[in-house]
Amino acid sequence: MTVEPSRAPAPLPVQASSPAALAAYLSSHLDDMVEEMRRLVEIETPSGDEQGIATAAALLAGRWRPLGCRVDEYPAPGVGVHLAVHIPGRGEDGAQGDGRYVLVLGHVDTVHPRGTLAATPFRVQGDRAWGPGTYDMKGALVMMAWAVQALRAVGSGPRRPVTLLLTADEEVGSHTSRPLIDRFAAGATCALVLEPAAPGGAVKTARKGVAQYRLSVTGRSAHAGNDFSRGINANVALARLVLAAASLSDPERGTTVNVGVIGGGTRPNVVPERAWADIDVRFTTRAEAERIDRALRALTADGGTVFEVSGGVNRWPLERTASAGLYEHARALAASLGLELPEAQVGGASDGNLTAELGLPTLDGLGPEGDGAHSSQEHVYLPSLPVRTALLALILETL
Ligand SMILES: [Zn+2]
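Keep in mind that what you see is a predicted model, and the values were worked out from it rather than measured.

(A) Layout of the sheet that holds strand β13 (residues 274–283). With antiparallel pairing, four strands are arranged side by side in an open sheet as β11-β13-β9-β14. Two strands in the sheet have a free side with no partner beyond their single neighbour: β11 (256–264) and β14 (306–315). Averaged over all pairs of adjacent strands, the angle between their axes in this sheet comes to 15°, without regard to strand direction. In this structure, strand β9 (residues 209–218) lies alongside β14, joined through nine bridges in antiparallel fashion. Bridge pairing links V210 to R315 in β14. Where helix α8 (residues 286–298) meets the sheet, it contacts β9, β11, β13 and β14, and its direction lies at approximately 165° from that of β14.

(B) Representation of the coordination of the zinc ion. Taken together, H107 (NE2), D136 (OD), E195 (OE) and E195 (OE) make up the protein donors of the zinc ion, found 1.9 to 2.7 Å from the metal. Classification of the site at the zinc ion as irregular follows from its four donor atoms and the range of 52 to 143° in their angles at the metal. Counting the intervening residues between successive donors of the zinc ion yields the motif H-x28-D-x58-E. Of this pair, H107 sits in strand β3 (residues 101–107) while D136 sits in helix α5 (residues 134–153), and the two are 29 residues apart along the sequence. Each member of the pair H107 and D136 is classed as buried.

(C) Representation of empty space enclosed by the protein. Evaluated as defined, the whole model comprises one cavity of 30 Å³ or more. Roughly 40 Å³ of volume is contained in the largest cavity. Lining the largest cavity we find V41, I43, E44, T45, T110, H112, P113, T116, P132 and K138. Residue composition of the lining of the largest cavity, by class: four nonpolar, four polar and two charged.

(D) Region of the structure containing helix α7 (residues 234–246). Across its 13 residues, α7 extends 18 Å between first and last C-alpha, which sits within 8% of the 18 Å expected from 1.5 Å per residue. For α7, the complete set of buried residues consists of A234, A237, L238, L241, V242 and A245. Buried residues of α7, seen end-on, are gathered within an arc of 135° and therefore sit on one face of the element. For α7, the exposed residues set more than 90 degrees away from the buried face come down to R240 and L243. On its buried face, α7 sits against β9, β11, β13, α8 and β14. For α7, the side-chain oxygen to backbone nitrogen distance between the N-cap and N235 is 2.8 Å, and the N-cap itself is N233.

So, how was this worked out
- Residues numbered from 1 in each chain as written.
- Predicted model: local features only at pLDDT ≥ 70, side-chain atom pairs only at ≥ 80, totals over all residues.
- Heavy atoms only, no water.
- Pairing = 2+ DSSP bridges.
- Helix = DSSP H or I, 4+ residues; strand = E, 2+ residues; numbered from the N terminus.
- Axes fitted to C-alpha atoms, helices over the stretch in contact; angles between N-to-C directions.
- Contact = heavy atoms within 4.5 Å.
- Donors = N, O, S within 2.8 Å, 3.2 Å for Na, K, Ca; no water.
- Tetrahedral: all angles 85-135°; square planar, octahedral: opposite > 155°, others 65-115°.
- Buried < 20%, exposed > 50% of the residue type's maximum accessible area, 1.4 Å probe, protein only.
- 1 Å grid on protein atoms, 1.4 Å probe; cavity = no way out; pocket = protein on both sides within 12 Å on 5 of 7 lines; lining within 4 Å.
- Points joined across faces, edges and corners; volume = space filled by probe spheres on them.
- Nonpolar A, V, L, I, M, F, W, Y, C, P; charged D, E, K, R; others polar.
- Expected span 1.5 Å × (residues − 1).
- Arc of directions from axis to C-beta.
- Polar contact = N/O pair within 3.5 Å; in protein donor to acceptor, adjacent residues only side chain to side chain.

Right under this line is the structure:
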């Protein structure tokens, strides 16, 4: 991963507003932010739920248009709608001279199926807000709007124009949003990603890459009682293959091979004809991705069966070199808010992996603090909202 120096962020913040004023404004609006999060969380938006995602997208478009932003909709059949929100820059100090903008990435979909909300409704208890999608990442979508609103309130704004891309299929691999990410990344100066903070409020300066594979075995079905010897058991062949695949993990290099789902056969009294396994691979380097790919494709199955491997790399690693410059910039701004901003390297991939792969300086994990992403324990730590929103505002004001 190389980063063109010409596209690195300006080293010196061109800061117009007082960090304390931004933080005070946002603290005084914490209840409004929580209420806005509640409205968004109470629209369930599992990936693939076109109606839920369209409803949430309409709510978000209605949030941004009154702020003077053009909102373009990109419907994706079977997925929902992706939104591109075009936020004007302040139009000062020559930042718009090169025509580039800051790309901010968020996603509207969650991993939680419909009905999760009934079991774990949105609720505030103490200093935390709980509910499906609060932390990943509806809280961050609320932060983004308030960051711009806070800048306006103190008489400022983003230095460059900002394109906020709100996608509908991040949790399932960004297959339909990827062309939009590629398109908007092409004109951007850098990418900020609104994924949740890592523990301790850390931003994410490196992420593993992810590959997905399906192993498919076809044998021959037969009556398990009368014709057992005529059958060729696909399940047994698959079992040997998944053990071989799992053995490719190399934890010391950060490479994991997870045989996540397997299936095969139809009934106990039938020799199974078909079996399959879905595998998730994580890696920190391109070389490791290539090693696993070669090894999976070189596997051979039991005689008489037909074995196929499909899939491949979905997201290349986000390597720290893509984040270092933006991280230092953000850390200096965080200090002006009295906020420590640690960094973390994580195993999960995001759309930040995609922008980094395109050579764009990328900083991820700018969302709220919290815990329990993708679980029934998902929540946001509310005191982090005003200060991290102020940080986001300062970043937009200075990039
Ligand atoms: Zn997410």
